[in-house]
Every structure is written in C-alpha cells, then in structure tokens.
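What follows is the residue order along each chain.
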Amino acid sequence: MAAFRTVLFLLLLSLLTIPFGVLVSLAVFFPMSARYRIIAIWRKGFMALCRYVLGIRYCVLGRENIPAEPSVVLAKHQSAWETVGLQEVFPPLVFVLKKELLRVPFFGWGLAAMKMISIDRAAAKDALKQIFDQGRERLAAGYWVVIFPEGTRVAPGETERYKPGGAHLAVRSSAKVVPVAHNAGEIWKKSSFAISPGLITISIGPAIDPVGKTAVKINALASAWIEAEMRRLSPHRYRVPADAVAA
C-alpha cells in the first residue's frame, strides 16, 4: 500500500509542479513577493498531498525560539520533505543548494526564479564566497537562509561533519543561527522508494547570537544541540542517550 501511495503521490506532484514551475518562471519579471505567493500555493498543494495521499502529518516544537529578524537556519537533512516543510514553519526563506538542481525541468526553473543560493560543491572556495555574498544579500533583503551543514542527506542515527559555512555567514552578517532537528528520515527514508505514513517532528532550538563568538564556536554549539535533539527524536537509532550527549 505504501508503494501505491508513493506512486500516486509522485504522479500528482508532477501534475502540480509542471504548471507552477512554468508560472513562477514567467513571474520572474514581477517582485519576489509575487513569486513567493505563487510558490506558497504550490507548497500548500505539496503539503496536502503529503497529508492526504501519503498520510504524513507534522508538528513543531520550539516555535517560541524563532527570532523576529531574518536568521540563518542550520538544519538536519534527511529527506526531500524538509525542503518544503521548513517553508511552512519559517518566514520567507531561501535554501543553499547544489547548482545541479537548477537544471531539473520545471522544479529547477522555480528554484532559479526564487533566487535560491546555488553553489558548485566541487569548487570549495568559490562555493563559500557564493554563500557569503549571496547569503548576506538575501538576509539584508529580509529573507531567511537555510543551510544543511552536513552537506547531504543523512539517514537517522548517522552524522556527517558539520561544515562551517553557515556559521561564517552568521558572523559576517551578524545574523542569529537557529538550529533545527527533525525526524523526517524515519518516514521518508533515504534508501527506500516507498514513503511511509506517520508523524514528523520538527524541533527548533534556542537561537545562537553570533556576537562575541567565532564561527567555530557557533558551529560547535549548533551541531551539539542538533545531535542531542536527534537522540530525543529518534532514541532507537542511538546507543548513547540524549542526556549523556548534552552533558
């Protein structure tokens, strides 16, 4: 049944994405606010398909930790779900993503029109410069910047090195860092075609003020909070309890 629901979901999502990809591309001549309103309709459709076709619900912990001003979000990356789900939680935002995604028909066109920060991961120095320059520009324009510091999707219970680009952006732009953990990978598994029904929990940690902190310190604080929270959200994936990590 999960495989059937997944096929139906992908079919309906394709039918939804094609016209909206074209529409938001044509809207490139209009202000960003107009493009975001178009994408908001597509996003609502995506979330509705997740809810009523796949049986995916979500809840948010720590909404009170969201700052009033545009900030840098450092989040776990486990599935495709959070690339849309986080847009439901935070104010208008842009993602830092690999430039190859912009070549995907319709979907990639929409990403390009929304001024996402696309980087060439093979060119490390140039990628960092793009994050700093474009990130500061987006923050100054009032948009939040979401970065997946591990750089790729990571299965529940696993951890990759947290890259410091997001922390450096926060220091250079004086923007707060908001750490985010979630367990979307328990439902939308990296290694499985079929998507399971269930509840996704997004947990938002206390914002980290960059004043008086180095990028190394900010990165360490964010990664420590996220990894400790992951042990609370998916305790069965870890041998070490969350309290031990937090200590």
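Note that this is a predicted model, so its numbers are computed, not measured.

Peer 1: I keep staring at the pattern of salt bridges and nothing clicks. Help me out?
Peer 2: Side chains that carry opposite charge are capable of pairing whenever their charged atoms lie near each other. In total, this model carries 11 salt bridges according to the counting rule given. Glu88 is paired through a salt bridge with Arg43; the nearest N and O atoms lie 2.6 Å apart. Residue Glu88 is located in helix H3 (residues 81-89), and its partner Arg43 is located in helix H2 (residues 32-54); the two are separated by 45 residues in the primary sequence. With respect to burial, Glu88 and Arg43 carry one shared label: buried. Of the charged contacts, one joins Lys76 and Glu227 as a salt bridge, the two residues approaching to 3.1 Å between their closest N and O atoms. Of this pair, Lys76 sits in the loop between strand E2 (72-75) and H3 while Glu227 sits in helix H7 (residues 215-233), placing them 151 residues apart in sequence. The buried category is assigned to Lys76, whose relative accessible area is 1%. Among the ionic contacts, a cluster of salt bridges with common partners joins Lys76, Glu150, Glu227 and Arg231.

Peer 1: Please explain the nonpolar core as it appears in this structure.
Peer 2: A general feature of soluble globular proteins is that nonpolar side chains tend to end up buried together. Counting residues in each nonpolar core, the largest one holds 67 residues, and the members touching the most others are Phe46, Trp81 and Phe90. Top element by residues in this core is H2. It accounts for 11 residues. What Trp81 contacts, discounting residues up to four positions off in sequence, is Phe46, Met47, Cys50, Ile56, Tyr58, Ala184, Trp188, Ile200 and Ile202. One finds Tyr162, Ala181, Ile226 and Met230 within the second-largest nonpolar core, a separate group that totals 6 residues.

Peer 1: Which parts of the structure should I look at to understand the environment of Arg231?
Peer 2: Position of Arg231 relative to the elements: it lies in helix H7. Exposure remark for Arg231: the relative accessible area of 17% places this residue in the buried category.

Peer 1: Before we go on, may I ask you to explain the environment of Gly135 in this structure?
Peer 2: As for its position among the elements, Gly135 is in helix H5 (residues 124-140). Here the alpha-carbon distance between Gly135 and Ser173, two residues 38 residues apart in the chain, equals 8.4 Å. Ignoring sequence-local partners within four residues, the contact set of Gly135 consists of Ile117, Gln130, Val145 and Leu169.

About the cut-offs
Residues numbered from 1 in each chain as written. Predicted model: local features only at pLDDT ≥ 70, side-chain atom pairs only at ≥ 80, totals over all residues. Heavy atoms only, no water. Salt bridge = Lys/Arg side-chain N within 4 Å of Asp/Glu carboxyl O. Helix = DSSP H or I, 4+ residues; strand = E, 2+ residues; numbered from the N terminus. Buried < 20%, exposed > 50% of the residue type's maximum accessible area, 1.4 Å probe, protein only. Core = buried A, V, L, I, M, F, W, Y, C linked by side-chain atoms within 4.5 Å. Contact = heavy atoms within 4.5 Å.

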